[in-house]
Amino acid sequence: MLELTGTDAPGIAASKFVTFRRLLLAAIAVELWELLPYWADKPHFGLQRLLVWAATAAAVAVWWERLARPALAAVLAMLAVDFARAFPLNANHQYLELILVGLLLLPRPGDARERTLVLGAFRWLVVLGLFHAGLQKLLHGYYFGGEFLAYAIARNEAFAALFRWILPAGEIARLEGLQVAAGAGPFRVESWLFVAISNATWVGELALPPLLLWTKTRPPAIPLTILYIFAIEAGAREIFFGSMMVQLVLLYCRSDMNRRLLPVFLALLAYVLAMAVGWLPKWYFS
């Protein structure tokens, strides 16, 4: 089952494993820095600062192979503590972080076969996550007439800003003026393009996973899936989740594309860190 998502030569698998491990721990550390102000007026703020600095140290330590496993174990423990403190207000991608770090800890040091199995599990997470999201949209039906996206415009300025390119200003103003309460609405938009975009969301999530699994369609499916993620995140602005998903999709490539794009991903994290500590102006993202 794991090999249905593709296999890697031992050298490529080792490179992918190490690169992804470094990127993941760097992202977790930066995210903790970004969330630090949220805890400033809450109990045990000192503990949260300790977690931030410990995660930062682990993100540095993971670049040395002999320190990588202890660094992963420390981060998994820190994530569990942070997760428990925030529950049930955790972001969805924080569940994913726990799973990814836990899987990275499973292979024995230097065991190429076990690392290859973990990479297969990572690729399956993309397929399962996308397909499950599309299936839920299909079952609940709030994308057929664009209702959920209309609701998102009413609640979230990021979605309103995105769809200003498509919808008339009066329609955006109407949706933004709706009070989100029982009996509010209608959360409907009379625009065929808007409704088409809404339905393309769940269709894409159901169609892309099989294309990633089939060897012949995998090469075009990789960039299509990344473009789909970019399209979704244009409204959602989930920097950490979006970049994590792109890195997981890139594991389908024959070469270690994450390593080639490592400077790009690290530059993005440096930019977010600079915003988090106040060195650069901050804009809304989740």
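Our subject in this report is the structure included herewith. All residue numbers refer to positions counted from 1 along the written sequence of the respective chain. Totals for whole chains, interfaces and linings use every residue, but because this is a predicted model, local features are given only for residues with pLDDT of at least 70 and side-chain atom pairs only at 80 or more, for both listing and counting. Side-chain numbers here rest on the full set of heavy atoms in the structure, without hydrogens or water.

The helix and strand tally for the chain stands at 13 helices and zero strands. Only DSSP runs of H or I with at least four residues qualify as helices, and only runs of E with at least two residues qualify as strands; both kinds are numbered from the N terminus onward. Walking the chain from its N terminus toward its C terminus, one meets helices and strands in the order α-α-α-α-α-α-α-α-α-α-α-α-α. Radius of gyration here uses only the C-alpha atoms, and the compact-globule reference equals 2.2 Å multiplied by the residue count raised to the power 0.38. Relative to its length of 286 residues, the chain is compact, with a C-alpha radius of gyration of 20 Å against a globular reference of 19 Å. Principal-axis analysis of the C-alpha atoms places the extent of the chain at approximately 60 × 55 × 30 Å. The buried share among the 286 residues of the chain stands at 48%. Only four residue types enter the tally: Lys and Arg on the positive side, Asp and Glu on the negative side, with His and both chain ends excluded. The atoms used to mark charge sites are NZ of Lys, CZ of Arg, CG of Asp and CD of Glu. Of the charged side chains in the chain, 24 are positive and 19 negative; the average position of the first set lies 7 Å away from that of the second. Exposure is judged per residue with a 1.4 Å probe applied to protein chains only, and the accessible area is read against the type maximum: over 50% gives exposed, under 20% gives buried, and values in between give partly exposed.

This brings us to the packing of aromatic side chains. In this scheme Phe, Tyr and Trp rings, the latter by its six-membered ring, pair at centre separations within 6.5 Å, and the angle between planes marks the pair as stacked below 30 degrees, edge-to-face above 60, and tilted otherwise. Summed over all chains, the structure comprises 12 aromatic pairs. With centroids separated by 6.4 Å and ring planes inclined at 40°, the aromatic side chains of Phe 148 and Tyr 151 adopt a geometry described as tilted. Here Phe 148 and its partner Tyr 151 are both found in helix α6 (residues 147-155), three residues apart, which amounts to about one turn of the helix. For Phe 148, a relative accessible area of 36% translates into the label partly exposed. Each ring, one from Trp 283 and one from Phe 285, has its centre 5.5 Å from the other, and the planes form 65°; the classification is edge-to-face.

Here the expected span of a helix is defined as 1.5 Å times the quantity of residues minus one. The first and last C-alpha atoms of helix α4 (residues 92-104) sit 19 Å apart over 13 residues, in line with the 18 Å expected at 1.5 Å per residue. If you check which residues of α4 are buried, you get His 93, Gln 94, Leu 96, Glu 97, Leu 100, Val 101, Leu 103 and Leu 104. Each element contacted by the buried residues of α4 is listed here: α1 (10-35), α3 (65-86), α5 (112-140) and α11 (239-250). Any pair of residues with heavy atoms lying within 4.5 Å of one another is described as a contacting pair.

What follows is about the nonpolar core. Put simply, buried Ala, Val, Leu, Ile, Met, Phe, Trp, Tyr and Cys residues joined by side-chain atoms within 4.5 Å make one nonpolar core. Of all hydrophobic cores here, the largest spans 56 residues; its most connected members are Leu 24, Leu 25, Val 75, Leu 100, Phe 122, Val 126 and Leu 248. With 10 residues, the top contributor of residues to this core is α1. Discounting residues that sit within four places of it in the chain, Leu 25 has contacts with Ala 58, Ala 59, Val 62, Ala 71, Leu 72 and Val 75. Counting 19 residues, the second largest nonpolar core, distinct from the first, contains Phe 159, Ile 172, Phe 194 and Leu 206.

Let us now look at unusual backbone geometry. Of note, the phi angle at His 44 is positive, near 60°, even though the residue is not glycine. With respect to the secondary-structure elements, His 44 resides in the loop between α1 and α2 (45-61). Note on His 44: relative accessible area 58%, which makes it exposed.

Right, let's talk about the environment of Gly 183 for a bit. The topology assignment puts Gly 183 in the loop between α8 (169-176) and α9 (192-213). As for Gly 183 and Asp 256, which are separated by 73 residues in sequence, their C-alpha atoms are 51 Å apart.

This paragraph deals with the packing of α3 against α4. Describing two packed helices takes the angle between their axes plus the distance from one axis to the other. Here α3 crosses α4 at 155°, and the two axes come no closer than 9 Å. As far as their axial angle goes, α4 and α3 are roughly antiparallel. Here the hand of the crossing between α3 and α4 comes out left-handed. Across from Leu 72, Val 75, Leu 76, Leu 79, Ala 80, Asp 82 and Phe 83 in α3, the residues of α4 making contact are Gln 94, Tyr 95, Glu 97, Leu 98, Val 101, Gly 102 and Leu 104. All axes are obtained by fitting lines to C-alpha atoms, using only the stretch in contact for helices, and the reported angles, taken between N-to-C directions, cover 0 to 180 degrees. To sort the angles, those under 35 degrees are grouped as roughly parallel, those over 145 as roughly antiparallel, those from 65 to 115 as roughly perpendicular, and the leftovers as oblique. In this scheme, a crossing is called left-handed if the near helix is turned counterclockwise away from the far one by less than a right angle; it is called right-handed if the turn is clockwise.

Where α11 meets helix α13 (residues 262-276), the axes come as close as 12 Å, and the angle between the chain directions of the two elements is 170°. Between α11 and α13, the interaxial angle falls into the category roughly antiparallel. Here Ile 239, Phe 240, Ser 243, Val 246, Gln 247 and Leu 250 of α11 lie close against α13, whose contacting residues are Phe 265, Leu 268, Leu 269 and Val 272. Grouping the amino acids of the contact of α11 with α13 by side-chain chemistry returns eight nonpolar, two polar and no charged. Residue type decides the class: Asp, Glu, Lys and Arg count as charged, Ala, Val, Leu, Ile, Met, Phe, Trp, Tyr, Cys and Pro as nonpolar, and the leftover types, Gly among them, as polar.

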